[in-house]
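Structural features, examined
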Amino acid sequence: MPVTDLELGRRLKAAREASGLTQEEVAQKLGVSRPTVTQMELGNRPVTSIELERLAFLYGRDIREFVADEFEREDALAALFRVQPDMAQQESIVSSLRSCLALAREVTNLEALLELHRDTVAAVSYAVALPSSRWEAIQQGERAAEQERRRLGLGWAPVPSLAEILETQAVRTGVVDLPPEVSGLTINHPSVGIFIVVNKRHAPVRRRFSLAHEYAHVLFDRRLKGIVTRTQDRNELIEVRANSFAAAFLMPEDGVRHFVEFLGKGRASRSMAQVFDEESFVLAEGRMPPGSQDLQLYDVAHLAHYFGVSRMTALFRLRNLRLITKAEFESLRLVEEQGVGREMARLLALPDVEDGEDGVGFRHRVLNLGLEAFRRELITLAKLRELAHILSMSEPEVEALLERACHGDEGDKEVWTPEG
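Predicted, not measured: the structure shown is a model, and the values here were computed from it.

With that settled, consider the layout of surface pockets. Empty space within the largest pocket amounts to approximately 1,200 Å³. If you list the elements that add at least two residues to the lining of the largest pocket, you get helix H7 (134–151), helix H9 (204–220), strand S4 (226–230), helix H10 (237–250) and helix H13 (311–320). A per-class count over the lining of the largest pocket returns eleven nonpolar, twelve polar and nine charged.

The following block contains the structure:
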């Protein structure tokens, strides 16, 4: 049954209120008067297709939601803004998040057109009780990290691009300017699936840790529709668990111990062995030179670079694995906080972790699906161009993409021409 103007107006009003926008703000975005928006919401004025498309983007919705048989009053960001209401008032943040979510919806729609069912590759969920103490939270996080690395076939080697790994688990990622105290957020909504955003203002190694942290929320806290990770909430048990997961996922115990042994360290200063020949035994004792097993800041710098984490994260991991004493940890932490570690890494020619998590983590996915849908004539060339432009591709880049995509396909040359 077609949606009436009255029902469409009700849906537009519900979407606006869920987005935390006033009629005046919407009017300014559309370039119309506030009474015009009022009349739209009352169903007294028809809404043009162009206006509906702009309103859908403004409210973070798929335009088809407004004409579907069923309509959800709450959008993907509404639950998030309830947790962090101040964020909803920052226009640049809201705009960036809506752009990311718009692309996520495009991917979801393309997958539906191509009959790719994401539920067959959806991220797993760890059904464990909420932790009752910090210790239990840490144990849950470490156990899950070990299981997840095993499930993903990572062994104890460093984790490659997290954004690419998460995409294989049906988790989309984005990088957006967020408030300094917010390291990341996770959204779970039918229209976009599972979506993780990390703070573009933070250093690459911290963003990498944040991706792993938010992935823990995906695995443990799927029941929550929106989670914002803030500095002031670090003592909450689900945040302790997520931090524990991230550290163990990025720096697996066996991998850390192996690397420390590779440095010629990590062994006991004194060790004993007995050789038995079925009748008696021979006792042997070995001693390492004093101080030879002490980890130095340059060792920590190498370790952090190898696993793609911050030196401070590496220090805490070494302490938790009892590879350094409390006194050693405090001493190394002090010199790191004084900036010595950063200078040490520079002199050792250990560059910062490459910033491979910038922008939209599923950019390549959007283009790949778009090209395939166009090849099968499921979308028009105009729609493919729209997707490319949303990704900020220039016109020459779009033409080059089309030309190379049809390379060698003589039968379809006419379809793929820029004028097609």
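That covers the picture; the talk isn't over yet.
Below, the discussion takes up the environment of Asp-5. Mapping Asp-5 onto the fold places it in helix H1 (residues 5–19). Along the chain, Asp-5 and Met-40 lie 35 residues apart, while their C-alpha atoms are 8.1 Å from each other.

With that out of the way, let us pick up the pattern of salt bridges. Taken as a whole, this structure holds 22 salt bridges when the rule is applied. Its salt-bridge partner being Glu-111, residue Arg-172 comes within 2.9 Å of it at the nearest N-O pair. With a gap of 61 residues between them, Arg-172 in strand S1 (residues 171–176) and Glu-111 in helix H6 (residues 91–113) connect regions that are remote in the sequence. Across the pair, exposure class does not vary: Arg-172 and Glu-111 are buried alike. Put simply, Glu-146 and Arg-150 hold a salt bridge, and the shortest N to O gap is 3.1 Å. Here Glu-146 pairs with Arg-150, and both are found in helix H7, just four residues apart, close to one helical turn. On the accessibility criterion, Arg-150 (55% relative accessible area) is exposed.

In this fold, Arg-241 is placed in helix H10. Once you skip the residues sitting within four places of it in the chain, Arg-241 turns out to touch Val-128, Ala-129, Leu-130, Pro-131, Ala-137, Gln-140, Gly-141, Phe-220 and Asp-221.

On to the packing of H7 against H10, then. Where H7 meets H10, the axes come as close as 7 Å, and the angle between the chain directions of the two elements is 35°. Between H7 and H10 lies a crossing whose hand is right-handed. Contacts from Arg-134, Ala-137, Ile-138, Gln-140, Gly-141, Glu-142, Ala-144, Ala-145, Glu-148 and Arg-149 in H7 reach Leu-237, Val-240, Arg-241, Ser-244, Phe-245, Ala-248, Phe-249 and Leu-250 in H10. Split into classes, the residues belonging to the contact of H7 with H10 amount to ten nonpolar, three polar and five charged.

What follows concerns the side chain of Asp-299. Among the secondary structure elements, Asp-299 is positioned in helix H12 (residues 297–307). When its relative accessible area of 6% is taken as the criterion, Asp-299 is described as buried. Once you skip the residues sitting within four places of it in the chain, Asp-299 turns out to touch Leu-263, Lys-265 and Asp-294.

It is worth spelling out the packing of helix H11 (residues 253–262) against H12 at this point. The geometry of H11 relative to H12 is characterised by a closest axis approach of 11 Å and an angle of 135° between their N-to-C directions. Here H11 lies oblique to H12, going by the angle between them. Crossing of H11 against H12: the hand is right-handed. Side by side, H11 and H12 meet where Gly-255, Val-256 and Phe-259 of the first sit next to His-302, Leu-303, Tyr-306 and Phe-307 of the second. Class assignment of the residues belonging to the contact of H11 with H12 gives a composition of five nonpolar, two polar and no charged.

What follows covers the pairing of strand S3 (residues 193–199). Among the seven residues that make up S3, six are buried, leaving the element largely enclosed by the rest of the structure. With six bridges connecting them, S1 and S3 associate as parallel partners. Paired with Val-175 across the two strands is Val-198, which belongs to S3. Here strand S2 (residues 182–189) hands over to S3 after three residues, the two strands then running antiparallel side by side.

Okay, H7 next. The terminal C-alpha atoms of H7 lie 26 Å apart, and with 18 residues this matches the ideal 26 Å at 1.5 Å per residue to within 8%. For H7, the full list of buried residues reads Ala-137, Gln-140, Gly-141, Ala-144, Ala-145, Glu-148 and Arg-149. Angularly, the buried residues of H7 cover 155° about the axis, an arc narrow enough to put them on a single face. Away from its buried face by more than 90 degrees, H7 exposes Trp-135 and Arg-150. Summarising the contacts, the buried residues of H7 are in contact with H9 and H10. The positive-phi residue at the C-terminal boundary of H7 is Gly-153, with phi of around 70°.

Read from one edge to the other, the open sheet built from four strands follows the order S1-S3-S2-S4, with strand pairing classed as mixed. Edge strands, defined here as strands with exactly one partner in the open sheet, are S1 and S4. In this sheet, neighbouring strand axes are inclined to one another by 15° on average, regardless of whether the strands run parallel or antiparallel. On top of the sheet, H9 reaches S1, S2, S3 and S4; it is set at about 150° to S3, its chief contact.

Right, let's talk about the packing of aromatic side chains for a bit. Considering all chains together, one arrives at ten aromatic pairs under this definition. Lying across the ring of Phe-249, Arg-149 places its NZ or CZ 5.9 Å from the centre. The ring of Phe-220 has Arg-241 sitting right over it, with the charged end atom 4.2 Å from the ring centre.

So, about the environment of Leu-154. By the secondary structure assignment, Leu-154 is in the loop between H7 and helix H8 (162–168). By relative accessible area, Leu-154 is classed as buried at 16%. Other than its neighbours up to four places away in sequence, Leu-154 contacts Arg-149, Val-159, Pro-160, Ile-165 and Phe-249.

Rules and cut-offs
Residues numbered from 1 in each chain as written. Predicted model: local features only at pLDDT ≥ 70, side-chain atom pairs only at ≥ 80, totals over all residues. Heavy atoms only, no water. 1 Å grid on protein atoms, 1.4 Å probe; cavity = no way out; pocket = protein on both sides within 12 Å on 5 of 7 lines; lining within 4 Å. Points joined across faces, edges and corners; volume = space filled by probe spheres on them. Helix = DSSP H or I, 4+ residues; strand = E, 2+ residues; numbered from the N terminus. Nonpolar A, V, L, I, M, F, W, Y, C, P; charged D, E, K, R; others polar. Salt bridge = Lys/Arg side-chain N within 4 Å of Asp/Glu carboxyl O. Buried < 20%, exposed > 50% of the residue type's maximum accessible area, 1.4 Å probe, protein only. Contact = heavy atoms within 4.5 Å. Axes fitted to C-alpha atoms, helices over the stretch in contact; angles between N-to-C directions. Left-handed = near helix turned anticlockwise from the far one by under 90°. Parallel < 35°, antiparallel > 145°, perpendicular 65-115°, else oblique. Pairing = 2+ DSSP bridges. Expected span 1.5 Å × (residues − 1). Arc of directions from axis to C-beta. Phe/Tyr/Trp six-rings, centres within 6.5 Å; stacked < 30°, edge-to-face > 60°. Lys NZ or Arg CZ within 6 Å of the ring centre and 35° of its normal.

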